[in-house]
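Topology and contacts: notes
Chain by chain, the residues run as shown.
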Amino acid sequence: MKDTIKAIGLFVVGLTVAVFVYPVMHELAHSLVAIAVGARVVEINILPVPSVLCDVKSVDSTGMVAIGMSGMLLPYFLSVVIKPKNFWIWYANYIVKGISALAFVISTISTVCFLVGSPLPNDDTTQTLLTWSGGKWICLAVSFSLVILATVRLIQEKPLAHCMRYFDIQSKKTASAA
């Protein structure tokens, strides 16, 4: 019964991070960077669909790129900086890293779609590339590099070992009979 409650806890925390925490981090990152580059945040929505609306009349193209990319970059960098000891905080942080890795994959796909003339509508990377069309190859290289980096970092954290310790499962090494 104890393990069932723990498993339910994993589901609840994972769902909460995916549906609420990450979207808040993502939109807050856009908002903070928008303010930092001189835009005015007009509206922030988390539900039903996360979005932020900014008045960017006074923002140059560099600021627009910073606003567009911040939504996926800041949550990831924050999750890398945090080194939690508590299992639940580690797990929530790991979910943020995983969603960020997925965001980098989507950004890579979005850039490829933009390059072949079929941009994804309402996508942060597409919006960024509409402002920074000369940065298509840079965006592709950065996005793909971040996919590799984030994936390697996810694997290096040894999530299975963390979860096995949490569930008090002993790792048994077996020798094969030769």
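Owing to the predicted nature of the structure, the values given are computational and were not obtained by experimental measurement.

1. Regarding the packing of helix H3 (residues 87–115) against helix H4 (residues 124–131)
For any two helices packed against each other, the geometry comes down to the angle between their axes and how far apart the axes lie. Close contact between H3 and H4 brings their axes to 8 Å; oriented N to C, the two are set at 45 degrees. Accordingly, the angle class assigned to the pair H3 and H4 is oblique. The hand of the H3/H4 crossing is right-handed. Contact with H3, carried on its side by Ser 107, Ser 110, Thr 111 and Phe 114, involves Thr 125, Thr 126, Leu 129 and Leu 130 of H4 and no other residues of that element.

2. Looking at the pairing of strand E2 (residues 51–55)
In this structure, strand E1 (residues 40–45) lies alongside E2, joined through five bridges in antiparallel fashion. When the bridges of E2 are listed, Val 41 appears paired with Cys 54. Following E1, the chain reverses through five residues before pairing antiparallel with E2.

3. With respect to the packing of aromatic side chains
Between two aromatic rings, the relevant description is the distance of the centres plus the angle of the planes. Scanning all chains against the criterion turns up 10 aromatic pairs. Note on Phe 87 and Tyr 91: the rings are 6.1 Å apart at their centroids and 10 degrees apart in plane angle, and the pair reads as stacked. In this pair, Phe 87 and Tyr 91 are both assigned in helix H3, four residues apart and thus about one turn of the helix distant. For Phe 87, a relative accessible area of 14% corresponds to the buried category. Under the relative-accessibility criterion, Tyr 91 is labelled buried at 13%. For the pair Tyr 166 and Phe 167, a centre-to-centre distance of 5.3 Å together with 80 degrees between the ring planes defines the contact as edge-to-face. In this structure, Tyr 166 and Phe 167 share a single accessibility class: buried.

Quick notes on the rules
Residues numbered from 1 in each chain as written. Predicted model: local features only at pLDDT ≥ 70, side-chain atom pairs only at ≥ 80, totals over all residues. Heavy atoms only, no water. Axes fitted to C-alpha atoms, helices over the stretch in contact; angles between N-to-C directions. Helix = DSSP H or I, 4+ residues; strand = E, 2+ residues; numbered from the N terminus. Parallel < 35°, antiparallel > 145°, perpendicular 65-115°, else oblique. Left-handed = near helix turned anticlockwise from the far one by under 90°. Contact = heavy atoms within 4.5 Å. Pairing = 2+ DSSP bridges. Phe/Tyr/Trp six-rings, centres within 6.5 Å; stacked < 30°, edge-to-face > 60°. Buried < 20%, exposed > 50% of the residue type's maximum accessible area, 1.4 Å probe, protein only.

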